[in-house]
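What follows is each chain in one-letter form.
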Amino acid sequence: MKLDDVRADLSAVLFTEEHIETRIGELAAQIDQDYADKSPLLVGILNGAVMVMADLSRALSIHCEMDWMAISSYGSGVASSGVVRILKDMNTSIVDRHVLIVEDIVDTGLTLSYLIENLKSRNPASIEVCAGFRKPEAVRNHVSVKYLGFDIPSDFVVGYGLDYAGRYRNLRGLGILSPKVYS
Ligand code: 5GP
């Protein structure tokens, strides 16, 4: 789905597909260097991180493995529920592994903080975070995102894996959802 296909639902376009692709390529180059001899385990957070994971992993030149977790966050609304729960755990042991959490977006950082604490207790060699997008509250809360695509405003966004009520995940590019769609 292209930005033009749902242009009327968006109050603004933040990033085109090409813009995101370029930035993901830059992050991959950085990860290639930092993990040159480490074969990281990329842990994608379902469902939103599917696009970042697919693009980032294919942009890497080094070997990596991939696994997935699902964590409850927003339900179908647009405000954080504050409830963090593991719905699906990964299949791989992370003991002594270099873990790179791949997230779609960091808003309050609640999900990520919970996840990092949980994964640390499993004794990995290291844990870092790669996220496509970050909102201002995460900056205020000092949530550490080593590999960041873009800082964005605090509006509710859709596209590039991010949904509203299950839709728009397949939108190429990222846009601010017009309030008329959910109000
Ligand atoms: P946090 O725990 O950092 O507040 O929220 C993180 C999760 O909330 C993300 O993984 C994502 O699923 C969801 N989220 C946060 N902001 C947005 C947004 O603007 N749009 C969508 N679709 N989901 C969001």
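See the structure above.
Just so it is clear, the model here is predicted, and its values are computed rather than measured.

1. A few points about the overall build of the protein
A count of helical and extended segments in the protein gives five helices and nine strands. Traced from its N-terminal end to its C-terminal end, the protein shows the element sequence β-α-β-α-β-β-β-α-β-α-β-β-β-α. Taken against the 2.2 N^0.38 rule, which gives 16 Å for 183 residues, the C-alpha radius of gyration of the protein at 16 Å falls within 12% of a compact globule. Its C-alpha atoms give the protein principal-axis dimensions of roughly 50 × 35 × 30 Å. Residues counted as buried form 46% of the 183 residues belonging to the protein. For the protein, contacts bridging at least 24 residues in sequence account for 64% of all contacts bridging at least 6. Here the protein displays about 9000 Å² of accessible surface, and carbon together with sulfur accounts for 48% of that area. Computing the positive centroid from 18 side-chain charges and the negative centroid from 24, the protein places the two 3 Å apart.

2. Notes on the packing of helix H1 (residues 17-34) against helix H2 (residues 50-59)
Here H1 crosses H2 at 55°, and the two axes come no closer than 8 Å. Comparing their axes, H2 and H1 come out oblique. Of the two possible hands of crossing, H1 and H2 adopt the one that is right-handed. Taken together, the residues of H2 that come into contact with H1 (itself represented by Ile 24, Leu 27, Ala 28, Ile 31 and Asp 32) are Val 52, Asp 55, Leu 56 and Ala 59. Class assignment of the residues belonging to the contact of H1 with H2 gives a composition of seven nonpolar, no polar and two charged.

3. Considerations on the pattern of salt bridges
Scanning the entire structure with this criterion turns up nine salt bridges. The salt bridge partner of Glu 65 is Arg 97, with a shortest N-O separation of 3.3 Å. In this pair, Glu 65 is assigned in strand E3 (residues 65-72) and Arg 97 in the loop between strand E4 (85-88) and strand E5 (98-106), connecting sequence segments 32 residues apart. Exposure remark for Glu 65: the relative accessible area of 36% places this residue in the partly exposed category. Look at Arg 97 and you get buried, because its relative accessible area is 17%. Lys 135 serves as the salt-bridge partner of Asp 107, at 4.0 Å between the closest nitrogen and oxygen.

Each value, and the rule that gives it
Residues numbered from 1 in each chain as written. Predicted model: local features only at pLDDT ≥ 70, side-chain atom pairs only at ≥ 80, totals over all residues. Heavy atoms only, no water. Helix = DSSP H or I, 4+ residues; strand = E, 2+ residues; numbered from the N terminus. Rg over C-alpha atoms; globule rule 2.2 N^0.38 Å. Buried < 20%, exposed > 50% of the residue type's maximum accessible area, 1.4 Å probe, protein only. Contact = heavy atoms within 4.5 Å. Areas by Shrake-Rupley, 256 points an atom, 1.4 Å probe, with all protein chains shown as cover. Lys, Arg positive; Asp, Glu negative; His and termini not counted. Charge placed at Lys NZ, Arg CZ, Asp CG, Glu CD. Axes fitted to C-alpha atoms, helices over the stretch in contact; angles between N-to-C directions. Parallel < 35°, antiparallel > 145°, perpendicular 65-115°, else oblique. Left-handed = near helix turned anticlockwise from the far one by under 90°. Nonpolar A, V, L, I, M, F, W, Y, C, P; charged D, E, K, R; others polar. Salt bridge = Lys/Arg side-chain N within 4 Å of Asp/Glu carboxyl O.

Remember that the coordinates give geometry; whether it matters functionally is a separate question.
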